[in-house]
Amino acid sequence: MNYFPCSRRRPRSLRRSSIAGVRFSLVALVAVLSTCADACRAGDPAGAPVYTLNDCLALVRRQNPDVIAASKRVEAARATIITAKSDIYPRLTSSGYIQYREQSLTTEGGVSPTNRKEDYSGDVRLSQNLYSAQAVRNRIAAAKLQAESEGNTYEAQIDTSSLAARLAFYQTLYAEASISIRQHAVDLLGPQLKDQQDRLAAGSVGQLNVNRAQVALANARPALLDAQSSVQTSYVALAQLLGVAYPANARDRPFRVRGELSCPPLRMTLAECLSRAQAMRPEVLSRKLAIDVLKHQIVVEKSTTRPQVSAYAAYDIYSEPSILSARDNFSGGTIGIQASWTIFDGFATRGRVRGVKAQLGQAEAQ
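These numbers were taken from a predicted model, which means no experiment stands behind them.

Here is what the cut-offs are and how they apply
- Residues numbered from 1 in each chain as written.
- Predicted model: local features only at pLDDT ≥ 70, side-chain atom pairs only at ≥ 80, totals over all residues.
- Heavy atoms only, no water.
- pLDDT = per-residue confidence, 0-100.
- Helix = DSSP H or I, 4+ residues; strand = E, 2+ residues; numbered from the N terminus.
- Contact = heavy atoms within 4.5 Å.
- Phe/Tyr/Trp six-rings, centres within 6.5 Å; stacked < 30°, edge-to-face > 60°.
- Buried < 20%, exposed > 50% of the residue type's maximum accessible area, 1.4 Å probe, protein only.
- Pairing = 2+ DSSP bridges.
- Core = buried A, V, L, I, M, F, W, Y, C linked by side-chain atoms within 4.5 Å.
- Polar contact = N/O pair within 3.5 Å; in protein donor to acceptor, adjacent residues only side chain to side chain.

K.L.:
Would you mind showing me how to read the confidence of the model for the protein chain here?
P.N.:
On average, residues of the protein chain score 80 in pLDDT, and 83% of them are at 70 or above. Taken element by element, the predicted model of the protein chain shows its lowest mean pLDDT in helix 1 (residues 12-42) (42) and its highest in helix 3 (residues 65-85) (93). Within the model, the stretch residues 1-44 combines pLDDT values under 50 with 32 contacts to residues more than four positions away or in other chains.

Written as structure tokens, this is what we have:
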């Protein structure tokens, strides 16, 4: 095998070949960078928005499906407060009926009718709850605590979805950067393989050098394909978190991301992290509120077998059935107090109380 010792200078033709190879590598690198930039622009539809990290976090609050569902649960919990407060206000109800009877019913077996054909009555009643064994007060307190708990759950869902969006955003940036790196590697290893093949033909290197260059290029091409696939997967995952519809055509992206892969330092001790989590994490606050809600619910369940008192005022009107009466109807007002007490309900209340106490123990354990 012919070779050139290090102490000797290579022939001018080989030196020109080496310089030409280097020039070719530089030109290829510039071309690759230009091609990658054009490909990134061509892969996105015209006018596609460009999102920064802050834009993504804002979209998570507005469009993430899990965040929207959590916000609706907050609205539902606030609506229960209105329902619970309804028992402290007076209730105004009305009822009535009117009916017409056939001739055979009005005669009651006789020849001449003695009853009127029409029969009607009406009632307007105003009632107010006076005593409910603290059921109303505890029902309102439980509804308020439940609404506050759902609010904390909503904040926790925002934190969870925002964290997932951050990870997906940086994963997308990393995948896009990986494409450029892998493409550069492939485009640099191609000329290097050609240069080693030229050197082998000139007799300056052995077959092992060519084999190494071929293996390096063969290993770089699958990595480029993986990076391209990773970009598409990252965009799909980020679009799901942002609540953005992704087109069926995988080549068209509904948006692009722009940012930097940076990691600002955050210095906190373990004790500081734990104390902040105990005081500020919405999940922890929501668990504590759930315990208070169940305590109020126990009082509400127990009130079922305790006295209930309410007052009412009504105005009634009803028809006089007999045609012999001087008046065809009577009307007037009534006032009164109504009380009820369920002395025994077949242990239904005891069963409900036990169930709530079991839920309380579960909440405390969690």
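K.L.:
Looking at this structure, I do not really get the packing of aromatic side chains. What am I missing?
P.N.:
Each aromatic ring pair is summarised here by two numbers: the centre-to-centre distance and the angle between the ring planes. Under the defined criterion, the tally for this structure stands at five aromatic pairs. Their ring planes at 55° and their centres at 5.6 Å tell us that tyrosine 235 and phenylalanine 255 sit as a pair that is tilted. Of the two residues, tyrosine 235 sits in helix 6 (residues 207-242) while phenylalanine 255 sits in the loop between helix 6 and strand 4 (256-257), which places them 20 residues apart along the sequence. Overall, the relative accessible area of 0% leaves tyrosine 235 in the buried class. Note on phenylalanine 255: relative accessible area 0%, which makes it buried. Centroid distance tyrosine 318 to phenylalanine 330: 6.0 Å. Interplanar angle 35°. Geometry classified as tilted. With tyrosine 318 in strand 5 (residues 308-319) and phenylalanine 330 in strand 6 (residues 329-340), the pair connects residues that are twelve residues apart, well separated along the chain. Exposure remark for tyrosine 318: the relative accessible area of 45% places this residue in the partly exposed category. The rings of Tyr51, Tyr235 and Phe255 are connected pair by pair, giving a single aromatic cluster.

K.L.:
What is the right way to read the pairing of strand 3 (residues 118-131) from this model?
P.N.:
Walk down a regular strand and you will see the side chains alternate between the two sheet faces. As paired elements, strand 2 (residues 91-100) and strand 3 share ten bridges and run antiparallel to each other. Each residue of the ladder has a partner; that of isoleucine 98, found in strand 3, is tyrosine 120.

K.L.:
Please clarify how the nonpolar core should be interpreted in this entry.
P.N.:
Soluble globular proteins: nonpolar side chains tend toward being buried together. Formed by 23 residues in total, the largest nonpolar core has its most connected members in Tyr51, Cys56, Phe169, Leu238, Leu242, Phe255 and Val257. Residue assignment for this core shows that the elements contributing at least two residues are helix 2 (53-63), helix 5 (135-202) and helix 6. Counting residues per element, this core draws most heavily on helix 5, at seven residues. Sequence-distant contacts of leucine 242, that is, excluding residues within four places in its chain, are made with Tyr51, Cys56, Leu59, Val60, Gln63, Asn64 and Phe255.

K.L.:
Is there a simple way to think about the side chain of aspartate 119 in this case?
P.N.:
Take aspartate 119: it is sitting in strand 3. In terms of polar contacts, aspartate 119 uses its side chain to reach the side chain of serine 319, at 2.8 Å. Sequence-distant contacts of aspartate 119, that is, excluding residues within four places in its chain, are made with Tyr97, Ile98, Gln99, Arg101 and Ser319.

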